[in-house]
Amino acid sequence: MNKFAFLIFLVPFHLVAATQYDYPAPVNLLIEQGGKVVSKFDAPANMTGYVADFRGQVVTFYVTPDEQYLLTGAMLDAQGKNIGEQAVQSYVNGPKALQDWQTLESSHWVRDGSAAAKRVIYTFTDPNCPYCRKFWENARPWVESEKVQIRHILVGILKADSLGKAAAILGSDNPEGEFNKFESGITFNSLKSLATIPEELRAKLEQNHQIMSAMGARATPATFYHNQAGQLKMQMGLPPQAAMEDILGTLED
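First, a word on scope: everything that follows refers to the structure included in this document.

Calculation notes
- Residues numbered from 1 in each chain as written.
- Predicted model: local features only at pLDDT ≥ 70, side-chain atom pairs only at ≥ 80, totals over all residues.
- Heavy atoms only, no water.
- Core = buried A, V, L, I, M, F, W, Y, C linked by side-chain atoms within 4.5 Å.
- Buried < 20%, exposed > 50% of the residue type's maximum accessible area, 1.4 Å probe, protein only.
- Contact = heavy atoms within 4.5 Å.
- Phe/Tyr/Trp six-rings, centres within 6.5 Å; stacked < 30°, edge-to-face > 60°.
- Helix = DSSP H or I, 4+ residues; strand = E, 2+ residues; numbered from the N terminus.
- Lys NZ or Arg CZ within 6 Å of the ring centre and 35° of its normal.
- Expected span 1.5 Å × (residues − 1).
- Arc of directions from axis to C-beta.
- Pairing = 2+ DSSP bridges.
- Axes fitted to C-alpha atoms, helices over the stretch in contact; angles between N-to-C directions.
- Lys, Arg positive; Asp, Glu negative; His and termini not counted.
- Salt bridge = Lys/Arg side-chain N within 4 Å of Asp/Glu carboxyl O.

### What about the nonpolar core?
Part 1 of the argument: If you look at the biggest cluster of nonpolar residues, it comprises 15 residues, and the most contacted ones within it are Trp-101, Leu-104, Tyr-122, Phe-124 and Phe-224.
Part 2 of the argument: In contact with Tyr-122, not counting residues within four places along its chain, are Trp-101, Leu-104, Glu-105, Trp-109, Arg-151, Ile-153, Ala-222, Thr-223 and Phe-224.
Part 3 of the argument: Listed in part, the 14 residues of the second largest apolar core include Trp-136, Phe-179, Leu-191 and Leu-201.

Encoded structure:
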């Protein structure tokens, strides 16, 4: 990322070919490299600030008044205030959060808990992930209260047979029952990894992996939930016990 920032800072307007985008040329360069401009705002020194979604990472950058140079990163005032923070949060907690949640909903998941539960969370789960299993175990009081449903987005990334095991669960006649028997240990040693995965099933699991990467998750479990303020958050790895109520809500009536 630093290499990219260094490159675009040094490229002047006249060296960047014109494109179809209605932005200054250095911004077009960022767009061509995978960035998506989501908003812009007035910045000090007659510069224009932008917020962009760059391959799942939200970044701010600033274009000089002559529109020839682009500077990336945080801009701080004399009091240490981040000039672009409000614009970033407006996007992260608004359009991006809504879009990310819809993306999670469109994935291929297995429900753990009552379909009537009002609280929904998503977590990326690998069948060979011991921390995923521990999270499943720690979440039993919430799931059994029927207040929470956990939607496990199955992926196969940890071991050679992970994808085959995920396919065996997702492709079974009763994915929910099969998943819970596996996580509870009933079929942990007997579940057979599919040696040949049907193309349709493979495509679903590949889509899950692509969504996981696009959401910025790099390991399992990776859990997405709304906190008490309604903000979409991600918990990487096994949630500590102190974070369970923030993720799953209170068990008290």
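### Section: the packing of aromatic side chains
Part 1 of the argument: Taken as a whole, this structure holds 7 aromatic pairs when the rule is applied.
Part 2 of the argument: Consider the rings of Tyr-23 and Tyr-50, whose centres lie 6.1 Å apart with planes at 75°: the pair is edge-to-face. Taken together, the residues Tyr-23 in the loop between α1 (2-10) and α2 (25-32) and Tyr-50 in strand β2 (residues 48-54) connect sequence positions 27 residues apart.
Part 3 of the argument: Directly above the aromatic system of Trp-136 lies the positively charged group of Arg-140, at a separation of 4.0 Å from the ring centroid.

### Points about helix α6 (residues 162-170)
Part 1 of the argument: Within α6, 8 of the 9 residues are buried, which leaves it mostly tucked inside the rest of the structure.
Part 2 of the argument: Packed against the buried residues of α6 are β5 (109-112), β7 (148-154), α7 (175-183) and α8 (199-214).

### Topic: α8
Part 1 of the argument: Between the first and last C-alpha of α8 there are 22 Å, a value that for 16 residues agrees with the 22 Å anticipated at 1.5 Å per step.
Part 2 of the argument: When α8 is considered as a whole, its buried residues turn out to be Leu-201, Leu-205, Asn-208, Ile-211 and Met-212. Buried residues in α8, looked at end-on, bunch into an arc of 115°, giving them a common side. Across from the buried face of α8, at angles greater than 90 degrees, the exposed residues are Glu-199, Glu-200 and Gln-210.
Part 3 of the argument: Among the structural elements, α3 (85-105), β6 (119-125), β7 and α6 are those in contact with the buried residues of α8.
Part 4 of the argument: With its phi angle positive at about 85°, Gly-216 sits one or two positions after the end of α8.

### Describing the sheet that holds β7
Part 1 of the argument: Strand order in the open sheet made by the 5 strands is β5-β7-β6-β8-β9, with mixed pairing throughout. Strands at the two margins of the open sheet, each flanked by one partner only, are β5 and β9 (232-236). Recorded for the sheet is a direction-independent mean angle of 25° between the axes of neighbouring strands.
Part 2 of the argument: Across 7 bridges, the pairing between β6 and β7 is parallel. Looking across to β7, one finds that Ile-121 is bridged to Ile-150.
Part 3 of the argument: Each of β5, β6 and β7 touches α7; the most contacted strand, β5, lies at about 70° to it.

### A closer look at the side chain of Arg-151
Part 1 of the argument: Mapping Arg-151 onto the fold places it in strand β7.
Part 2 of the argument: Here Arg-151 sits buried without a salt bridge, and the closest side chain of opposite charge, Glu-105, lies 4.9 Å off (N-O distance).
Part 3 of the argument: Setting aside chain neighbours within four positions, we find Arg-151 in contact with Trp-109, Val-110, Val-120, Ile-121, Tyr-122 and Thr-123.

### Some thoughts on the sheet that holds strand β3 (residues 57-63)
Part 1 of the argument: One open sheet holds the 4 strands; their spatial order is β1-β2-β3-β4, and the pairing between them is antiparallel. What marks the edges here is a single partner per strand, and that holds for β1 (35-42) and β4 (70-72). Within this sheet the neighbouring strands show an average axis-to-axis angle of 30°, counted without direction.
Part 2 of the argument: By the bridge criterion, 7 bridges tie β1 to β2 in an arrangement that is antiparallel. Within the sheet, the bridge partner assigned to Asp-42 lies in β2 and is Thr-48.
Part 3 of the argument: Sheet strands in contact with α2 are β1, β2, β3 and β4, and its direction is about 145° off that of β1.

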